[in-house]
Amino acid sequence: SQTIHQWPATLVQPVGSPLSLECTVEGTSNPNLYWYRQAAGRGLQLLFYSVGIGQISSEVPQNLSASRPQDRQFILSSKKLLLSDSGFYLCAWRAGTDLYGYTFGSGTRLTVV
Amino acid sequence: QQPVQSPQAVILREGEDAVINCSSSKALYSVHWYRQKHGEAPVFLMILLKGGEQKGHDKISASFNEKKQQSSLYLTASQLSYSGTYFCGTDKTGANNLFFGTGTRLTVIP
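Throughout what follows, the structure given in this document is the object of discussion.

Reading guide: rules and limits
Residues numbered from 1 in each chain as written. Chains lettered and ligands numbered in written order. Predicted model: local features only at pLDDT ≥ 70, side-chain atom pairs only at ≥ 80, totals over all residues. Heavy atoms only, no water. 1 Å grid on protein atoms, 1.4 Å probe; cavity = no way out; pocket = protein on both sides within 12 Å on 5 of 7 lines; lining within 4 Å. Points joined across faces, edges and corners; volume = space filled by probe spheres on them. Helix = DSSP H or I, 4+ residues; strand = E, 2+ residues; numbered from the N terminus. Nonpolar A, V, L, I, M, F, W, Y, C, P; charged D, E, K, R; others polar. Salt bridge = Lys/Arg side-chain N within 4 Å of Asp/Glu carboxyl O. Buried < 20%, exposed > 50% of the residue type's maximum accessible area, 1.4 Å probe, protein only.

1. Comments concerning the layout of surface pockets
Unfilled space is identified by rolling a water-sized probe across the atoms.
Next, step 1: Put simply, the largest pocket is a space of about 860 Å³.
Next, step 2: If you go around the largest pocket, you meet 36 residues; those closest to its centre are A:Q38, A:A39, A:G41, A:R42 and A:G43.
Next, step 3: Only strand 4 (32-38), strand 5 (44-52), strand 9 (87-94) and strand 11 (108-112) of chain A together with strand 9 (84-91), strand 10 (99-100) and strand 11 (104-109) of chain B provide two or more residues apiece to the lining of the largest pocket.
Next, step 4: For the lining of the largest pocket, the residue count by class is twelve nonpolar, 18 polar and six charged.

2. Quick notes on the pattern of salt bridges
Residue and element names in this part refer to chain A.
Next, step 1: The full count for this structure, using the stated rule, is three salt bridges over all chains.
Next, step 2: The salt bridge partner of D85 is R37, with a shortest N-O separation of 3.6 Å. Taken together, the residues D85 in the loop between strand 8 (73-78) and strand 9 and R37 in strand 4 connect sequence positions 48 residues apart. Across this residue pair, the class does not change: D85 and R37 are buried.
Next, step 3: Its salt-bridge partner being D71, residue R68 comes within 3.3 Å of it at the nearest N-O pair.

Here it is in structure tokens:
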């Protein structure tokens, strides 16, 4: 069966520090991968998506970046965090067909102080 | 690109019914529905692809209108476990990128 792992679960970082969040998927190949951010009490904002290794598309211009070094690995990074980067970051995967929904990881709660 | 969801919040007593709506200004390729419990990740409920389609399992069902611009989620005979925030996610192009509505917070009380 397919599983998605996301870590860390919580993170407190000072303004200006770097960020690296990792997401891996097991039990499937060539998944579509996504990074979403959810501000407190708000909806889900699509940040990046990837349909293959090295293929990254960005939906929102910001100081975040994403990379997909391996088929089932998706990394969200920042060189310098801002206060506004605080939120709940969710990684998700989907099989490349229309029949299935997204499966989300357990999320990383990031607080920038 | 974000769909419009309504209502923003609803409180139900156990056994009551609710409808949550999701609208787009343009025709959609598909609509997804998810439920998120507090502090947890969203969980997939169902996907609708065809205009006029209706789907459901247990007492939660959804419809996608003929013009594919609106979807509704129906919760009947609500249970305490139905509490959470419901999101619709819409895909306009079939590119597999979902844009989510702002959510509907559903609270079921005894």
